[in-house]
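One-letter residues, chain by chain:
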Amino acid sequence: RAVGTPRTEVWDERISGLEIRVDGNMATAWMNYGFFLDGRFSHCGVNAFQLFRDANGWGIIQITDTRRQQPCDEWI
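Reading the values: the criteria
Residues numbered from 1 in each chain as written. Predicted model: local features only at pLDDT ≥ 70, side-chain atom pairs only at ≥ 80, totals over all residues. Heavy atoms only, no water. Phe/Tyr/Trp six-rings, centres within 6.5 Å; stacked < 30°, edge-to-face > 60°. Helix = DSSP H or I, 4+ residues; strand = E, 2+ residues; numbered from the N terminus. Buried < 20%, exposed > 50% of the residue type's maximum accessible area, 1.4 Å probe, protein only. Lys NZ or Arg CZ within 6 Å of the ring centre and 35° of its normal. Disulfide = S-S within 2.5 Å. Core = buried A, V, L, I, M, F, W, Y, C linked by side-chain atoms within 4.5 Å. Contact = heavy atoms within 4.5 Å. Polar contact = N/O pair within 3.5 Å; in protein donor to acceptor, adjacent residues only side chain to side chain. Salt bridge = Lys/Arg side-chain N within 4 Å of Asp/Glu carboxyl O.

A. Here's a closer look at the packing of aromatic side chains. If you walk through the whole model with that rule in mind, you get two aromatic pairs. A ring pair is formed by Trp11 and Phe35, whose centres lie 5.7 Å apart and whose planes are at 80°; its orientation type is edge-to-face. Here Trp11, found in strand β1 (residues 11-23), pairs with Phe35, found in strand β2 (residues 26-37); they are 24 residues apart in sequence, far enough to count as distant. Where Phe36 meets Phe41, the ring centres are 5.7 Å apart and the plane angle is 75°; that geometry is what we call edge-to-face. The class of Phe36 is buried, set by a relative accessible area of 5%. Taking NZ or CZ as reference, Arg14 lies 3.9 Å from the ring centre of Phe36, over its face.

B. A look at the state of the cysteines. All chains considered together, the criterion is met by one disulfide. Shown here is the disulfide that connects Cys44 with Cys72, its sulfur atoms set 1.9 Å apart. Between Cys44 and Cys72, the disulfide has an S-S torsion of -70° and is therefore left-handed. With Cys44 in strand β3 (residues 40-54) and Cys72 in the segment after β4 (57-65), this pair connects stretches of sequence that are 28 residues apart.

C. Expanded view of the nonpolar core. With five residues, the main nonpolar core is built from Ala27, Ala29, Met31, Phe49 and Leu51. Other than its neighbours up to four places away in sequence, Phe49 contacts Ala27, Thr28, Ala29, Met31, Ile60, Gln62 and Ile63.

D. Spotlight on the side chain of His43. For His43, the location among the structural elements is in strand β3. Within the structure, the side chain of His43 is placed 3.4 Å from the side chain of Arg67, a separation counted as a polar contact. Those residues in contact with His43 that lie beyond four places of it in its chain are Tyr33, Gly34, Phe35, Arg67, Arg68 and Gln69.

E. Broad picture of the pattern of salt bridges. As enumerated under the stated definition, the model contains two salt bridges in all. Close ionic contact of Arg14 with Asp12 constitutes a salt bridge, the shortest N to O distance being 2.8 Å. What makes Asp12 partly exposed here is its relative accessible area of 27%. Here Glu19 and Arg21 are joined by a salt bridge, their closest N and O atoms 2.6 Å apart.

Have a look at this one:
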């Protein structure tokens, strides 16, 4: 609901340290992120995506993330 709802604020999620691991039809994408709301730092954490490849290509089957406000030195 949060992502699909129209907003007046600018949501800006910046990623770094992307690491992708693949074994056959399964993959994991792991990355650090910093989230900014209307240009102001809000929070940071890690995103972890689980992907699976079938006849239609790669698709996301799970998303997990952490959230914290400190330490986030690389983003502020």
